[in-house]
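Single-letter residue listing:
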Amino acid sequence: MKRRGLIFLAVGLLSMFEGYSQNYVPVRNDSRMKVQPSIPIKAFSFDLSQVTLLESTFQKAMLADEEYLLKLSPDRLLSQFRKHSGLPSKGEVYGGWESEGLAGHSLGHYLSALSMHYASTQNPALLVRIQYIVDELGACQSARKTGYIGAIPNEDKVWTEVAAGQIRTGGFDLNGAWAPWYTVHKIMAGLVDAHLYSRNQKALQIARNMAHWAEGTIAHLSEELIQKMLICEYGGMAEVLTNLYAITGEERYLRLSYLFYDKKVLDELAKHQDVLPGKHANTQIPKIIAGIRRHQLNGDVKDKSIADFFWQTVVQQHTYVTGGNSNYEYFFEGGKLNNQLTDNTTETCNTYNMLKLTRHLFAIDPQAMYFDFYEKGLYNHILASQNHENGMTCYYVPLRMGGKKEYSDEFHSFTCCVGTGMENHVKYNESIYFEGTDGSLYVNLFLPSTLQWKKHGVKLSQNSQLPAGDRVNFTLDLQAPRTFTLRLRKPHWTKEVEIHINGVKQEIKLDEHGYFQLERTWKKGDQVSYRMPMQLYTQAMPDNPDRRAIFHGPILLAGVFGETEPDPVKGLPVFVTEETDPQKWLKPTDSEKIHFESQHLAQPAEVKLLPFYATGNQYYTVYWDIFSPQQWQIQQQKYEEKKKALSALEQRTTDYFRLGEMQPERDHSFEGEKSQTGEDHGSKWRMANPEGYLQFELRVDPESPTTLIATYWGMDNRNRRFDILVNQQLIASEDLNRYKESRFYEVSYAIPMALTNGKNRIQVRLVPKERNSAGPIYQIRAIREEK
């Protein structure tokens, strides 16, 4: 009873303070930040404690996430931290990446999620966990005596070598460790969140100690060595250091943040060059977030230019209809998305970070276009990435036509997107409202919620019918009449809006930023009714006007096919119609659940559509190929032949390996000597230099002959002669200089049956001829042949 009383006393005291996230958007006159913005901030964030979700799908997702957070064991997440500090573990380490090379990153995300949700709910059970984790990390740091804490395999050896200037990286590893700075960032970010959200001073000191260790590890290295180190993904190190500078006022942290500046990528973006194709998407986005945060503090014009160009480029050239981006975690050629629909589209971490970047840009320049994108990503990727019944999340949100989501499990599949997923679904309340510099109130998102605008004595309740209905009603409760401007975003998807105040229709005019301004002296009980008519409309692939997705207002619709995968040739419908208005394609079957059914246009059968975020274990598609009856007659045979050929190839495929990409290389037990990676033509590749090799494993059919199909790019490939060995026996020799056209070549190599007979896996090895290289090779596929 005594301990319970102390907990509630602590909660009561802490509730007097406001906390803000690691994605810190400036707050007016924030006394907790020693460094205030040096540029004009035009829209300020509200603290999570001031915004409460009301009943909605978003609230359901938040509660499912909360249940999962409370089910996790802090001791299991801390297991390797204690062990590596020389302390006994108190729990068995979790599975997935926590048992592999990226161990420890999940604890940082977990601490951030707990802290954000505590700020929203003041739930004492969350505070107990925050304090316990911080104390445990403090004990680990004290035991180590260096300022560092971590759980990465062989980390002491790795960091000793880095400090000595011995930098080795193959693109995804640093001195044999899997993206170690990435994990350092997650831990530091979690600690900073614990400080900002729960006022935990110890957490701040631990984070500062880690920053001092980082400074001692790399500050003395040459620029050349640091740039080489930054080839390996380093997460948001620059961002967390910039925020430490703002919190403490110590410029050493700002200087250290600039050491995590990847010149090769960022300097090209500063020239407004789209160098993103072929690059790992989520490696780049945190670099831009750090820059825009620095710009807020010191007015760095270059950082701002990079952020503006990057956001526009990603949103306009590299983003799917869900608001997500990337295929197999990589950006591809801008505006060329039609052939990039797979089971590995739209890594969820990417959208998590793009929404963070969008908030920062909005704070500086509050334009409705930012929240048009934010709304799309929130509804159609973030919300769609969670199983709302149990809180499990998706790494990728697949956009393959006829694809299906794969959710994590509770304890055995920890990945980066499980970590960001912990955060995503407890912070839906963070961007609904912003406070303008002039004291106005921005309403950016139409989610059922209440805002306690404490300093003005205003409570705003938003009861939104969206997306089932087209009305949003606001009720104001004020301590005394107050004059201010209520700014309501006009979404891009609505046309003839209506606004009533206390039942009286208003004459409204859209301002140049995309908001309707309602300026008046508001009083207790005032009501605003905002009607935004919704209709069906389509969005086409940028490189294929006849492949379209269908929206109803802000909601992306998915055609669902049940829990049995549809036949890839006959089971995926196309739309055949002369009608271009999608209003005439579909009929509503359940307006409350936003369900539709196609009518007289789908071939081979009509389809049912529902919100993409509501799909669970069904197979689905969000993109539709659309033909006129005349086009369909001409195209049907080619269309089906192409699908049959692809389907036949996929059915015969026993394994498919994309070289040069982080997770596929781990999945295929890749190893190599004197190898390098690169990125061209929208894809990653691997190459072994003279006296090196590439080696990996592929799954095969033990009862059928096997053929390998390798993908190369044709060009002036001199000195690219190499042998291909299977299970240490030569099966072919290749000379890439034979392939001269500027295109991808798919080259087949038959494997003698004796090498695969009775085996489920084979070892493939590419060995350069003398003074030659092996590759570049982009992908390789193993297929079974007829006996």
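Up top is the structure these notes are about.
Residues numbered from 1 in each chain as written. Predicted model: local features only at pLDDT ≥ 70, side-chain atom pairs only at ≥ 80, totals over all residues. Heavy atoms only, no water.

Asks: Teacher, can you tell me more about the overall build of the chain here?
Replies: In terms of helices and strands, the chain carries 21 helices and 34 strands. The globule rule puts the C-alpha radius of gyration for 787 residues at 28 Å, and the 27 Å found for the chain is close to it. In terms of principal-axis extent, the alpha carbons of the chain reach across some 85 × 75 × 55 Å. Long-range contacts, defined here as pairs at least 24 residues apart, represent 73% of the contacts in the chain between residues at least 6 apart. For the chain, the separation between the mean place of its 89 positive charges and that of its 93 negative charges on side chains is 3 Å. (Helix = DSSP H or I, 4+ residues; strand = E, 2+ residues; numbered from the N terminus. Rg over C-alpha atoms; globule rule 2.2 N^0.38 Å. Contact = heavy atoms within 4.5 Å. Lys, Arg positive; Asp, Glu negative; His and termini not counted. Charge placed at Lys NZ, Arg CZ, Asp CG, Glu CD.)

Asks: Would you mind showing me how to read the sheet that holds strand 28 (residues 706–713) here?
Replies: In sheet architecture, strand pairing relies on hydrogen bonds along the backbone and comes in two forms, parallel and antiparallel. The four strands are arranged 25-34-28-31 in an open sheet whose pairing can be described as antiparallel. Each edge of the open sheet is held by one strand with a lone partner, namely strand 25 (653–658) and strand 31 (744–751). On average, each strand axis in the sheet is tilted by 15 degrees relative to the strand beside it, whichever way the strands run. Strand contacts of helix 19 (residues 629–652): strand 25, strand 28 and strand 34 (779–784), with the helix running at about 80 degrees to strand 34, the strand carrying the most contacts. (Pairing = 2+ DSSP bridges. Axes fitted to C-alpha atoms, helices over the stretch in contact; angles between N-to-C directions.)

Asks: Explanation requested: the pairing of strand 9 (residues 471–478) in the structure shown.
Replies: Put simply, side chains in a regular strand alternate between the two faces of the sheet. Alternating residues of strand 9 divide into Val472, Phe474, Leu476 and Leu478, all buried, and Arg471, Asn473, Thr475 and Asp477, none buried. As judged from the seven bridges shared by strand 8 (residues 458–464) and strand 9, these two strands associate in the antiparallel manner. When the sheet's bridge partners are listed, Lys459 is paired in strand 9 with Asp477. The turn linking strand 8 back onto strand 9 is made up of six residues. (Buried < 20%, exposed > 50% of the residue type's maximum accessible area, 1.4 Å probe, protein only.)

Asks: Could you clarify how one ought to interpret the packing of aromatic side chains in this entry?
Replies: Geometry of an aromatic ring pair is reported as the spacing of the ring centres plus the angle between the planes. Applying the stated rule across the entire model yields 39 aromatic pairs. Measuring from ring centre to ring centre gives 5.0 Å for Phe362 and Phe434, while their planes differ by 70 degrees; the resulting arrangement is edge-to-face. With Phe362 in helix 16 (residues 348–364) and Phe434 in strand 5 (residues 433–436), this pair connects stretches of sequence that are 72 residues apart. An identical accessibility class is assigned to Phe362 and Phe434; each is buried. The interplanar angle of 70 degrees and the centroid separation of 5.1 Å between the aromatic rings of Phe612 and Tyr620 together place this pair among those described as edge-to-face. Among the aromatic residues, ring-to-ring pairing joins Tyr148, Trp159, Trp181, Trp213, Tyr234 and Phe260 into one connected group. In this arrangement the basic side chain of Lys405 is found over the ring face of Phe612, its NZ or CZ atom lying 4.7 Å from the centre. The ring of Tyr656 is capped by Arg781, whose NZ or CZ atom sits 4.5 Å from the centre of that ring. (Phe/Tyr/Trp six-rings, centres within 6.5 Å; stacked < 30°, edge-to-face > 60°. Lys NZ or Arg CZ within 6 Å of the ring centre and 35° of its normal.)

Asks: Please clarify how unusual backbone geometry should be interpreted in this entry.
Replies: Leaving glycine out, the prevailing phi sign among residues is negative, and the prevailing peptide bond configuration is trans. Residue Pro467 is reached from Leu466 by a cis peptide bond, and omega for that bond is 0 degrees. Following the sequence through the fold, Pro467 ends up in the loop between strand 8 and strand 9. Residues Gly775 and Pro776 are joined by a peptide bond in cis, for which omega reads 10 degrees. Note that Pro776 resides in strand 33 (residues 774–777).

Asks: Would you mind showing me how to read the pairing of strand 7 (residues 449–453) here?
Replies: With four of five residues buried, strand 7 is to be regarded as a mostly interior element. The pairing of strand 2 (residues 51–53) with strand 7 spans three bridges and is antiparallel. Considered in strand 7, the bridge of Thr52 is made with Thr450. In this sheet, strand 8 lies alongside strand 7 in antiparallel orientation, the contact comprising five bridges. By the bridge assignment, Ser449 is partnered in strand 8 with Gln462.

Asks: What exactly am I supposed to notice about the environment of Thr342 here?
Replies: With respect to the helices, strands and loops of the structure, Thr342 is situated in the loop between helix 15 (301–317) and helix 16. For Thr342, a relative accessible area of 15% translates into the label buried. For the pair Thr342 and Glu92, spaced 250 residues apart in sequence, the C-alpha to C-alpha distance is 35 Å.

Asks: Would you mind going over the side chain of Lys304 with me for this structure?
Replies: Along the chain, Lys304 falls in helix 15. Residue classification places Lys304 among the buried residues on the basis of a relative accessible area of 18%.

Asks: Is there a simple way to explain the layout of surface pockets in this structure?
Replies: To find leftover empty space, one rolls a probe the size of a water molecule over the atoms. There is about 750 Å³ of room inside the second largest pocket. In terms of lining residues, the second largest pocket is bounded by 31 residues, among which Gly170, Gly171, Ile231, Cys232 and Thr677 are the most central. Among the elements of the structure, helix 10 (223–229), helix 13 (263–270), helix 14 (281–298), strand 26 (671–680) and strand 27 (683–699) are those that each provide at least two residues to the lining of the second largest pocket. If you tally residues by element for the lining of the second largest pocket, the top one is strand 26, at five residues. (1 Å grid on protein atoms, 1.4 Å probe; cavity = no way out; pocket = protein on both sides within 12 Å on 5 of 7 lines; lining within 4 Å. Points joined across faces, edges and corners; volume = space filled by probe spheres on them.)

Asks: Even after reading the chapter, I still don't get the pattern of salt bridges, so can you show me in this structure?
Replies: Side chains bearing opposite charge may pair, as long as their charged atoms lie close to each other. Applying the stated criterion across every chain yields a total of 45 salt bridges. As a salt-bridge pair, Lys523 and Asp526 come within 3.7 Å of each other at their nearest N and O atoms. In this structure, Arg686 and Glu665 form a salt bridge, with 2.7 Å as the shortest nitrogen-oxygen distance. Of this pair, Arg686 sits in strand 27 while Glu665 is found in helix 20 (residues 662–667), placing the two residues 21 residues apart along the sequence. Owing to a relative accessible area of 5%, Arg686 belongs among the buried residues under this scheme. Here Glu665 falls in the buried class, since its relative accessible area comes to 6%. One network of salt bridges, with partners in common, ties together Arg82, Lys90 and Glu136. (Salt bridge = Lys/Arg side-chain N within 4 Å of Asp/Glu carboxyl O.)

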